[in-house]
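Structural overview for review
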Amino acid sequence: MHKMTIVGIFYIICFNFVLYTVDCDLQLSSLDYGNIVEVSQSRCVVSIPKTLVDDKVLSLLSSAAASFINEPKTAFYLVDFSTKHQDSLPRFNYNNSFVVFKLIRKDRSCLLTPEKPSGKLKPEIYSFRRVSDYDIDKIVDFINNKCLTFRKRNGYQTPQGIHEVYILNNLYSVINEATEKCDSGKDEDSELGEVDNESFCSVSSDGMKRHTIKTVHDSADEHIHSYSQKETAHHCDRIPLPIKPSEFLNEYVTKSKPVIIAGGALHWHVFKKWKNHYLKEMYRDIKVHIKITPNGEYEGVEPSSLWENKSKVKIPQDVLKQLSFPDLVVVRPATMEIQFSEFIDLIESIASSKSSNISAYLEYSSITYFPGLEKDISEMSFIADILNLKHTNIWLSDGNTVGKLHFDPFDNFMCQISGEKEFILYDPHRNERLYEAHIQEAILSYNKSSKKFSRQKLMESTSMVMSPVDIEKPDFERFPRFAEAKPMSCKIQPGDVLFTPAFWWHEVRSKPSTTEHRNLAVNFWYDPFFLKEFPCPECRLYVNPNYFNLL
């Protein structure tokens, strides 16, 4: 059958389709098989063989194409599945089937330029072999399943699709929170007393009123800079137990909204049981991998010119030109393998000031390394049957630490046991403001004999989750868009649990317990409700297909 005949059938279906939906101009373009990878980087491709000759099948596929005419996630094409492509395709009779090529998420972890386009073709074949296959509802369901869409045969969204759109349009934003206060003419969190709110409110180029933060470059008044980063920080909501799972899902998880569950872990027995002497006795000889820094700062960003081996590390030119900040490095802490008992002695020594110019941290450590501790804790009951648990970690330090600005690709429940933590959060909806990018890594070295740190290990690898902005003293001249970011402050004390949704930027400032002179916490990392491509400032959150059952 000729191409014009196929296009004609699509026009007929489209004409009938518009009677109960929106105007359309359905054109079925040809696509060379070799270009499918490129198109699949942005859309799920539904490909119809050019050699298809079955009129009944053509009519069904025409109806299916009309069902997805308003779906931005899909694209329908005529494709030549000729013998010259057979080596790269499963052996199959493509003359009586259609093929779906799923959306290919770009591999953003590697900056080395591949010889061929990234991604692999993964054909999903729908064959018309049985009478039951000639069913438009079955075809639409197949496309929905493979393309992660929610369309009915009449082109309208299913209830799941409507819910997905609603969720993505109603994500929580600290900026929006500030805008509401801006509109009301009052900033409830301001500690500066009477403030001229008009100084901080403006209308953006899109006509929307926004909370604009002035910097020292806008005014000679230095207090504006301080106001922008500290005094105006919105504070986390605090909610008590009990919490209904449905309420937490709808008010916090699907809105990507941080919240503190006040006293959410107080029912654990760890507050009296997990003393240093108990942990030391139980796990004395276990080898632990700890991180150490000279000043308690972990994963900060600084100029690469400070590193001794800068001239020896040759980064490929193709990689170098893709680095947004080639003069900066993420400073990873030095590491040390010691017995757990030695680690306890070290943090106690630091706390008593017997050891100076060093901070020690057991971080990102799976609790499974300490047999028996898992029995003393439990997941939050209101989330255990909703999200899928991936990791449970223990965090133990001398307490005077700062984890610099970064994000994690997990939904996080941080349970504070000893000491305090303050999370300074920034939402992930406009990561251009946080300058998300690949940044070269470097690792501190530590000499046990001299007890001195040095900058010797400049790496060829890059970090993908760190911000180059120092929120304590931001360089607005280099990072002007950071002035548009709005912080949220979340402080947790022993027994509190902080929910931080995946991809929220956070800087964590810890303080030791005044009695135990340490900081101890446990966190639960879950498969996130939202996913995001990274590092990619312009990429937005989307619903994790693993949770489509919750829509």
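Secondary structure summary: the protein chain contains 12 helices and 28 strands in total. Looking at the protein chain as a whole, 51% of its 551 residues qualify as buried. Contacts in the protein chain between residues far apart in sequence, at least 24 positions, make up 80% of those at least 6 positions apart. Roughly 26600 Å² of accessible area belongs to the protein chain as shown, and the carbon and sulfur atoms make up 50% of that amount.

Evaluation of the coordinates by the stated rule reveals 32 salt bridges. Close ionic contact of Glu124 with Lys146 constitutes a salt bridge, the shortest N to O distance being 3.4 Å. One end of the pair, Glu124, is in strand S5 (residues 123-127); the other, Lys146, is in helix H4 (residues 136-147), and 22 residues separate them in sequence. Comparing Glu124 with Lys146, the two get one shared label, buried. Among the salt bridges present, the one from Lys257 reaches Asp237, with a minimum N-O distance of 3.0 Å. Taken as a pair, Lys257 in the loop between helix H8 (245-253) and strand S10 (259-261) and Asp237 in the loop between strand S8 (234-235) and strand S9 (238-239) lie far apart in primary sequence, 20 residues in all. Put simply, Lys404, Asp470, Glu472, Lys473, Glu507 and Arg509 are held in one network by salt bridges that share partners.

This paragraph deals with unusual backbone geometry. Residue Pro242 is bonded to the preceding Leu241 through a cis peptide linkage, with omega at 0°. Along the chain, Pro242 turns up in the loop between S9 and H8. The backbone phi angle of Leu148 is positive, close to 60°, even though this residue is not glycine. In this fold, Leu148 is placed in the loop between H4 and helix H5 (159-169). Despite not being glycine, Lys451 shows a phi value in the positive range, around 60°. Structurally, Lys451 can be placed in the loop between strand S21 (439-447) and strand S22 (452-463).

As a further point, take empty space enclosed by the protein. Applying the stated rule across the entire model yields 2 cavities of 30 Å³ or more. Here the largest cavity is characterised by a volume of approximately 50 Å³. Contributing to the lining of the largest cavity are Ile175, Tyr426, Asp427, Arg430, Arg433, Leu434, Ala485 and Lys486. For the lining of the largest cavity, a count of residues per class yields 4 nonpolar, no polar and 4 charged. Along the walls of the second largest cavity sit Leu279, Tyr283, Phe340, Leu362, Phe370, Leu373, Ile394 and Leu396, which together make up its complete lining. Grouping the amino acids of the lining of the second largest cavity by side-chain chemistry returns 8 nonpolar, no polar and no charged.

Moving on, we come to the sheet that holds strand S12 (residues 297-298). Sheets are built from strands paired through backbone hydrogen bonds, the pairs being either parallel or antiparallel. Taken together, 6 strands build an open sheet; the order of strands is S8-S23-S20-S25-S18-S12 and the sheet is mixed. In the strand order of this sheet, the two ends are held by S8 and S12, each with one partner.

In spatial order, the strands read S13-S14-S21-S22; together these 4 strands make up an open sheet with mixed pairing. One side of each edge strand has no neighbouring strand; the edge strands of this open sheet are strand S13 (300-303) and S22. Recorded for the sheet is a direction-independent mean angle of 40° between the axes of neighbouring strands.

Turning to the nonpolar core, a few remarks are in order. The biggest cluster of nonpolar side chains holds 93 residues, and the ones touching the most others in it are Phe248, Trp274 and Phe413. Broken down by element, the residue count for this core peaks at 6 residues, all from helix H12 (residues 340-351). Beyond its immediate sequence surroundings of up to four residues, Phe248 is in contact with Ile239, Ile243, Val253, Val259, Ile261, Phe382, Ile383, Phe413 and Phe499. Within the second largest apolar cluster, 24 residues are counted, among which are Leu52, Ala64, Ile136 and Val140.

Moving on, we come to the packing of helix H3 (residues 55-67) against H4. Following both chains from N to C, one finds H3 and H4 inclined at 50°, their axes separated by 10 Å at the closest point. Between H3 and H4, the angle falls in the class oblique. In this structure, H3 meets H4 at a crossing whose hand is right-handed. Of the residues in H4, those touching H3 at Leu60, Ser63, Ala64 and Ser67 are Ile136, Ile139, Val140 and Ile143. Tallied by class, residues from the contact of H3 with H4 come to 6 nonpolar, 2 polar and no charged.

With that settled, consider the packing of aromatic side chains. In total, this model carries 39 aromatic pairs according to the counting rule given. Site record: aromatic cluster; members linked through ring pairs are Phe248, Tyr252, Phe382, Phe413, Phe499 and Tyr526. Over the face of the ring belonging to Tyr542 we find Arg105, whose NZ or CZ atom lies 3.8 Å from the ring centre.

Here we come to the state of the cysteines. Taken as a whole and judged by the stated rule, the model has 3 disulfides. Here Cys536 engages in a disulfide with Cys539; their sulfurs sit 2.0 Å apart. A torsion of 70° about the S-S bond marks the disulfide between Cys536 and Cys539 as right-handed. Grouping residues by exposure puts Cys536 and Cys539 together as buried.

Another point: H3. Counted at 1.5 Å a residue, the expected span for H3 with its 13 residues is 18 Å, and the 19 Å between its end C-alpha atoms agrees. What H3 keeps buried is the set Val57, Leu58, Leu60, Leu61, Ser62, Ala64, Ala65, Ala66 and Ser67.

Take Tyr94: it is sitting in the loop between strand S3 (74-79) and strand S4 (97-101). When the C-alpha positions of Tyr94 and Ile48 are compared, they lie 8.7 Å apart, and in sequence the two are 46 residues distant.

Before going further, it helps to spend a moment on H8. Within the span of H8, buried status applies to Phe248, Leu249, Tyr252 and Val253. One side of H8 holds all its buried residues, which, seen down the axis, span an arc of 110°. Its buried side turned inward, H8 meets S9, S10, strand S19 (411-418), strand S24 (497-500) and strand S27 (530-531).

Per-residue pLDDT for the protein chain has a mean of 85; in total, 82% of the residues score no lower than 70. Between residues 1-26, whose pLDDT stays under 50, and residues either more than four places distant or in other chains, the model counts 51 contacts. Taken as a whole, residues 186-228 scores under 50 in pLDDT and shows 72 contacts with residues more than four places along the chain or in a different chain.

About the thresholds
Residues numbered from 1 in each chain as written. Predicted model: local features only at pLDDT ≥ 70, side-chain atom pairs only at ≥ 80, totals over all residues. Heavy atoms only, no water. Helix = DSSP H or I, 4+ residues; strand = E, 2+ residues; numbered from the N terminus. Buried < 20%, exposed > 50% of the residue type's maximum accessible area, 1.4 Å probe, protein only. Contact = heavy atoms within 4.5 Å. Areas by Shrake-Rupley, 256 points an atom, 1.4 Å probe, with all protein chains shown as cover. Salt bridge = Lys/Arg side-chain N within 4 Å of Asp/Glu carboxyl O. 1 Å grid on protein atoms, 1.4 Å probe; cavity = no way out; pocket = protein on both sides within 12 Å on 5 of 7 lines; lining within 4 Å. Points joined across faces, edges and corners; volume = space filled by probe spheres on them. Nonpolar A, V, L, I, M, F, W, Y, C, P; charged D, E, K, R; others polar. Pairing = 2+ DSSP bridges. Axes fitted to C-alpha atoms, helices over the stretch in contact; angles between N-to-C directions. Core = buried A, V, L, I, M, F, W, Y, C linked by side-chain atoms within 4.5 Å. Parallel < 35°, antiparallel > 145°, perpendicular 65-115°, else oblique. Left-handed = near helix turned anticlockwise from the far one by under 90°. Phe/Tyr/Trp six-rings, centres within 6.5 Å; stacked < 30°, edge-to-face > 60°. Lys NZ or Arg CZ within 6 Å of the ring centre and 35° of its normal. Disulfide = S-S within 2.5 Å. Expected span 1.5 Å × (residues − 1). Arc of directions from axis to C-beta. pLDDT = per-residue confidence, 0-100.

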